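Structural overview
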Amino acid sequence: MQRIYLISTGGTIEKVYSEQSGVVENRAAKLERYLRMLRLPDAEIRAEHLMNKDSLEMTDADRVEVRDRVAGLLAEGAPIVISHGTDTMVETGRFLEESFHDLKVPIVLTGAMTPLGFEGSDGLQNLTESLLAARLLAPGVYIVMHGQVFPVSRARKDKDNATFVWA
Ligand code: ASP
């Protein structure tokens, strides 16, 4: 069994439509529901929900919370996937890269441009690709989106085309 940790922090991938406010927002964790749709017979996914934020609202303290949670898991020696809003995914990834100099496992950040469950969502694709990439990549911090793998220092969001490109 390959154990993989999955930490969710919010972002568009987990947004829901609020009938009260009429906007999509980060209200509740929804990743685990989609994880159950995947066939992963030899993987043990340990999912945990850390926070529920649009990444534009993430503070330095939130990033420290992510870092501390990752630090707590690194000793387990298993890859870590972090679901995160795309707008500041690179910032968090770079912060993690600066925080950990001797990684023994890959840390993969992923997210979505359209929420899980919405028509045309890229969420399940990105989640699936990230879980596979986390098993194959060398130690380091990466962004995995849309069939592409970027070392975090080489990635940037291309807002116009709603994807990530090489920086
Ligand atoms: N504003 C969102 C966020 O960064 C955008 C996204 O996730 O795609 O949380």
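No experiment lies behind these values; they were computed from the predicted model shown.

**Concerning the sheet that holds strand S4 (residues 43–53)**
- With respect to topology, 6 strands assemble into an open sheet ordered S4-S1-S5-S6-S7-S8, the strand pairing being mixed. With partners counted over all chains shown, the strands left at the sheet margins are S4 and strand S8 (148–151), one partner each. Strand-to-strand twist in this sheet, taken as the mean axis angle between neighbours without regard to direction, amounts to 25°.
- The pairing of strand S7 (residues 140–145) with S8 spans 4 bridges and is classified as antiparallel. Residue pairing across strands places Ile143 opposite Phe150, the latter belonging to S8.
- The strands that helix H2 (residues 60–74) touches are strand S1 (2–10), S4, strand S5 (80–83) and strand S6 (106–110); relative to S4, the one it contacts most, it runs at about 160°.

**Remarks on the side chain of Thr163**
- Summarising the element assignment, Thr163 is placed in strand S10 (residues 163–166).
- According to the relative accessible area criterion, Thr163 is buried, its value standing at 15%.
- Reaching out from Thr163, the side chain makes a polar contact with the side chain of His146 at a distance of 2.7 Å.
- With residues near it in sequence (within four places) discarded, Thr163 still touches Met113, His146, Gln148, Arg156, Lys157 and Asp158.

**Things to note about helix H4 (residues 123–136)**
- Between its terminal C-alpha atoms H4 stretches 20 Å, which fits the 20 Å expected from 14 residues at 1.5 Å a residue.
- Turning to H4, its buried residues number three or more, namely Gly123, Asn126, Leu127, Ser130, Leu131, Ala133 and Ala134. Around the axis of H4, the buried residues are gathered within 165° of arc, so they sit on the same side.

About the criteria used
Residues numbered from 1 in each chain as written. Predicted model: local features only at pLDDT ≥ 70, side-chain atom pairs only at ≥ 80, totals over all residues. Heavy atoms only, no water. Pairing = 2+ DSSP bridges. Helix = DSSP H or I, 4+ residues; strand = E, 2+ residues; numbered from the N terminus. Axes fitted to C-alpha atoms, helices over the stretch in contact; angles between N-to-C directions. Contact = heavy atoms within 4.5 Å. Buried < 20%, exposed > 50% of the residue type's maximum accessible area, 1.4 Å probe, protein only. Polar contact = N/O pair within 3.5 Å; in protein donor to acceptor, adjacent residues only side chain to side chain. Expected span 1.5 Å × (residues − 1). Arc of directions from axis to C-beta.

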